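Chains, contacts and geometry: an overview
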Amino acid sequence: MLNTKIIGNKIVEARKKINISQAQLAQRLFISSQAVGKWERGESMPDITTFIRLAEILGVDLNYFSDNFQSAIPGETPIEPLAEKNEEPLSGKDEKKPSWNMSNGSWIDADFSGLNNLHDKFSSSDIQKCKFIGSDISGLILKGNNVDQCDFSDSNISGSKIQNSNLVNNIFKGCSLKETEFSKSYIKSCDFFGANLTGINFLKRNHVDRCDFSTSDMSSSHILGSSLANNQFIECSLKDAEFLESHTKGCDFSEADFSGVKFKSGAFINNTVEGAVWNRTSFIGIQIEDIVFDGRLEDCYFENSDFKRVTFQNSTLINTFFKNNNLKKIQFIDCHADRMTYEFLKNGKADMAGITLLTS
């Protein structure tokens, strides 16, 4: 925990070192001199946004305000030796980016918009109504967090790890979440519209509910052992994504691109797939229920899948195969199939009344 007395003494020390008054410091921070006086007496302390601006004005690192930081500004340090020290080339150690630990905190209504290097350790924190708009927080570590009603629009969160956390009512529009990992987290009513989610991983029992992924790019993503319910994936790119042991129900995939997608050992139930692109898509050991496939299916593959109330309507099936499935449970309405697919369906005892052989 931060000690207000220690912080107050550090502010006094750094302020005097650059030879400015309380009033001058307050003016630069656009606050009252009384507020600065309270900080320096240890009666209160700045919020995180003010800390960042304060560090800039005083010419110190944010770590300077921590309890364990050894002050580089002793009260009796002569000015001349410091000037000589500043003329020396910086060592590799001095050039390292600052590492801030914001864990175990309560952050409410803070504005981190446009800032960089905020990725380190927000773990076990309650983060509510904060703004991270346009920020670079790639490599973010969240573990055991509650993140509610925050705005991450247009920020860079790529390569992050989010574990055992609750994310509710947050905005991720236009974000980059490339190769970010979610595990054992609850994600509800979040807006990922137009986000870059390529290579994203939903691992180990995530529950994603009522989120909007419309027009986002989820190519090469991995959804493993997770539940997706009532989400929107309208016009979403899911190229070469993998759904393994996952349960997808009540989602809208209208006009989504499923090219190269692999579904294995899970469920695909009551989802809307109108106008979706099916190319090299495979369903292996999947429970498929209350689904209407339309449009063109090419080079697709259904193996050991359990069909219930599944319809292919106004579909064209090209080089699409069904292996070890009970095809009697599938309804075909106004469909067309190439010779290979047609013979495969007939051999599987499908109801051929709704299937017409393509002649060209």
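For the structure itself, look to the data block above.
Worth saying up front: this structure is predicted, and the values here are computed from it rather than measured.

Right, let's talk about the overall build of the protein chain for a bit. On a plain count of helices and strands, the protein chain comes out with 6 helices and 23 strands. Put simply, the protein chain has 360 residues, and 45% of those count as buried. Taking the contacts inside the protein chain whose residues are at least 6 apart along the sequence as the reference set, 10% of them involve residues at least 24 apart. Of the roughly 18,000 Å² of accessible surface on the protein chain, 46% is carried by carbon and sulfur atoms.

Turning our eyes to something else, we now look at the nonpolar core. In terms of nonpolar packing, the biggest core is built from 71 residues, with Phe-192, Leu-238, Phe-293, Phe-302 and Phe-312 touching the most fellow members. Within the residue set of this core, elements represented by two or more residues are strand E15 (262-269), strand E17 (282-298), strand E19 (306-318), strand E21 (330-333), strand E22 (335-337) and helix H6 (339-347). No other element matches E17, which puts 6 residues into this core. Core analysis: the next-biggest nonpolar cluster, separate from the first, contains 19 residues, Ile-11, Leu-25, Val-36 and Val-60 among them.

For the rest of this paragraph, the subject is the packing of aromatic side chains. Counted by the stated rule, this structure contains 31 aromatic pairs. Between Phe-192 and Phe-213 the ring centres are 4.7 Å apart and the planes differ by 5°, which places this aromatic pair in the stacked class. Highlighted residues: Phe-192 in the loop between strand E8 (186-188) and strand E9 (201-203) and Phe-213 in the loop between strand E10 (207-209) and strand E11 (222-224), separated in sequence by 21 residues. For the pair Phe-192 and Phe-213, a shared accessibility class is recorded, and that class is buried.

As a further point, take helix H2 (residues 22-29). Helical geometry note: an α-helix holds 3.6 residues per turn, so side chains three or four residues apart project in the same direction. All of the buried residues in H2 are Leu-25, Ala-26 and Leu-29. Here the buried residues of H2 occupy an arc of 100° about the axis, which is enough to place them on one side.

What follows deals with the side chain of Ser-315. Tracing the backbone through its elements, the reader meets Ser-315 in strand E19. A polar side-chain atom of Ser-315 sits 3.0 Å from the main-chain carbonyl oxygen of Phe-293. Among residues more than four places away in sequence, those in contact with Ser-315 are Phe-293, Asp-294, Gly-295, Leu-297, Asp-334, Cys-335 and His-336.

Turning to the pairing of E17, a few remarks are in order. Pairing of E15 with E17, which is carried by 7 bridges, proceeds in the parallel orientation. Paired with Phe-263 across the strands is Phe-283, a residue of E17. Pairing of strand E16 (residues 278-279) with E17, which is carried by 2 bridges, proceeds in the parallel orientation. Directly across from Asn-279, in E17, lies its bridge partner Glu-298. Relative to strand E18 (residues 301-303), E17 runs parallel, the two being bridged by 3 bridges.

This part takes up the pattern of salt bridges. Summed over all chains, the structure comprises 12 salt bridges. With its nearest N and O atoms 3.8 Å apart, the salt bridge here joins Arg-280 to Asp-240. Within this pair, whereas Arg-280 is found in the loop between E16 and E17, its partner Asp-240 is found in the loop between strand E12 (227-229) and strand E13 (242-244), the two being separated by 40 residues in sequence. The exposure class of Arg-280 is partly exposed, given its relative accessible area of 44%. Judged by relative accessible area, Asp-240 falls into the partly exposed class, the value being 43%. Of the charged contacts in the structure, one is a salt bridge between Glu-298 and Arg-296, with a shortest N-O distance of 3.1 Å. Given a relative accessible area of 47%, Arg-296 falls into the partly exposed group. A single salt-bridge network, built from bridges that share partners, covers Glu-289, Asp-290 and Arg-309.

Conventions used here
- Residues numbered from 1 in each chain as written.
- Predicted model: local features only at pLDDT ≥ 70, side-chain atom pairs only at ≥ 80, totals over all residues.
- Heavy atoms only, no water.
- Helix = DSSP H or I, 4+ residues; strand = E, 2+ residues; numbered from the N terminus.
- Buried < 20%, exposed > 50% of the residue type's maximum accessible area, 1.4 Å probe, protein only.
- Contact = heavy atoms within 4.5 Å.
- Areas by Shrake-Rupley, 256 points an atom, 1.4 Å probe, with all protein chains shown as cover.
- Core = buried A, V, L, I, M, F, W, Y, C linked by side-chain atoms within 4.5 Å.
- Phe/Tyr/Trp six-rings, centres within 6.5 Å; stacked < 30°, edge-to-face > 60°.
- Arc of directions from axis to C-beta.
- Polar contact = N/O pair within 3.5 Å; in protein donor to acceptor, adjacent residues only side chain to side chain.
- Pairing = 2+ DSSP bridges.
- Salt bridge = Lys/Arg side-chain N within 4 Å of Asp/Glu carboxyl O.

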